[in-house]
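Take a look at the letters that make up each chain.
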Amino acid sequence: MNYVKLGSSDLVVSKVCMGTMTFGKQNTQQEGVEQLNLAFDEYGVNFLDTAEMYPVPTEASTQGKTDETVAAFLKGRNREEVVLATKVSGRSDRIDWLRKDGSCAEVNRQQILESVDSSLQRLGTDYIDLLQIHWPDRYTGGLFGQPDFSPSNLKESNSF
């Protein structure tokens with residue numbers, strides 16, 4: 001396996017990042033842990049990616065199952081040897097089960113903090129190496145099966 005420095009950070013990651021979006025729905029927890037062990041032990045992967053909304057297709061009844069699989073994998077590992085990436089969901093009027101108050105997903109300070117705290121708890125760790133925004137918090141039209149762009153659907157974006 002080849003490794004590279006991740007951007008301007010001090011993180012050194014395998015050129016292959018192990019995705020986990022099916023763990024907990026299309027794969028059992030045991031199968032997910034086995035796949036992660038194989039990737040890390042046999043192929044030299046040190047980088048894995050999850051998201052608060054996984055597994056896919058996303059639904060309230062399975063949300064967080066992927067993180068639980070990753071947590072089971074991490075229990076048998078030295079946490080410092082795993083580069084852990086996760087994602088906060090972008091704006092979605094259809095995803096209203098991620099937040100404790102039932103609000104729809106959007107990228108703002110409050111939701112990012114809640115997302116991180118909830119992810120840390122599900123993952124059973126005290127830090128995340130890389131936090132990403134899963135998709136833009138802006139209307140683009142044509143995204144995830146939406147109709148083409150219409151100015152009437154524009155919403156105010158959150159600034160940071």
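Residues numbered from 1 in each chain as written. Predicted model: local features only at pLDDT ≥ 70, side-chain atom pairs only at ≥ 80, totals over all residues. Heavy atoms only, no water.

(A) Broad picture of the packing of aromatic side chains. Applying the stated criterion across every chain yields a total of one aromatic pair. Sitting over the face of the ring of Tyr-127, Arg-79 holds its NZ or CZ atom 4.0 Å from the ring centroid. (Phe/Tyr/Trp six-rings, centres within 6.5 Å; stacked < 30°, edge-to-face > 60°. Lys NZ or Arg CZ within 6 Å of the ring centre and 35° of its normal.)

(B) Structural view of the sheet that holds strand β5 (residues 83-88). The parallel open sheet is built from four strands, whose spatial order is β3-β4-β5-β6. Two strands bound the open sheet, and with one partner strand each, they are β3 (18-19) and β6 (130-133). Examined bridge by bridge, β3 and strand β4 (residues 47-49) share two bridges and lie parallel to one another. The partner of Gly-19 across the bridge, within β4, is Asp-49. Sitting on the sheet, helix α3 (residues 109-123) is in contact with β5 and β6, with an inclination near 135° to β5. (Pairing = 2+ DSSP bridges. Helix = DSSP H or I, 4+ residues; strand = E, 2+ residues; numbered from the N terminus. Contact = heavy atoms within 4.5 Å. Axes fitted to C-alpha atoms, helices over the stretch in contact; angles between N-to-C directions.)

(C) Up close: helix α2 (residues 65-74). The buried fraction of α2 amounts to seven of the 10 residues, a majority that puts the element mostly inside the structure. Among the residues making up α2, those that are buried are Thr-66, Asp-67, Thr-69, Val-70, Ala-71, Phe-73 and Leu-74. As for α2, its buried residues are in contact with α1 (29-43), β4, β5 and α3. (Buried < 20%, exposed > 50% of the residue type's maximum accessible area, 1.4 Å probe, protein only.)

(D) Quick peek at the side chain of Asn-46. Following the sequence through the fold, Asn-46 ends up in the loop between α1 and β4. A distance of 3.0 Å separates a polar atom in the side chain of Asn-46 from the backbone oxygen of Val-12. A polar contact of 2.6 Å, which involves the side chain of Asn-46, links it to the backbone nitrogen of Ser-14. For Asn-46, the contacting residues outside a window of four places in its chain are Tyr-3, Val-12, Val-13, Ser-14, Phe-40, Glu-81, Val-82 and Val-83. (Polar contact = N/O pair within 3.5 Å; in protein donor to acceptor, adjacent residues only side chain to side chain.)

(E) Here's a closer look at the pairing of β5. The element β5 is extensively covered by neighbouring structure, given that six of its six residues are classed as buried. Relative to β6, β5 runs parallel, the two sharing four bridges. Its bridge partner being in β6, Ala-85 is matched across the sheet by Leu-130. Handedness of the crossover joining β5 and β6 through α3 is recorded here as right-handed. (Right-handed = clockwise from strand over helix to strand, strands pointing away.)

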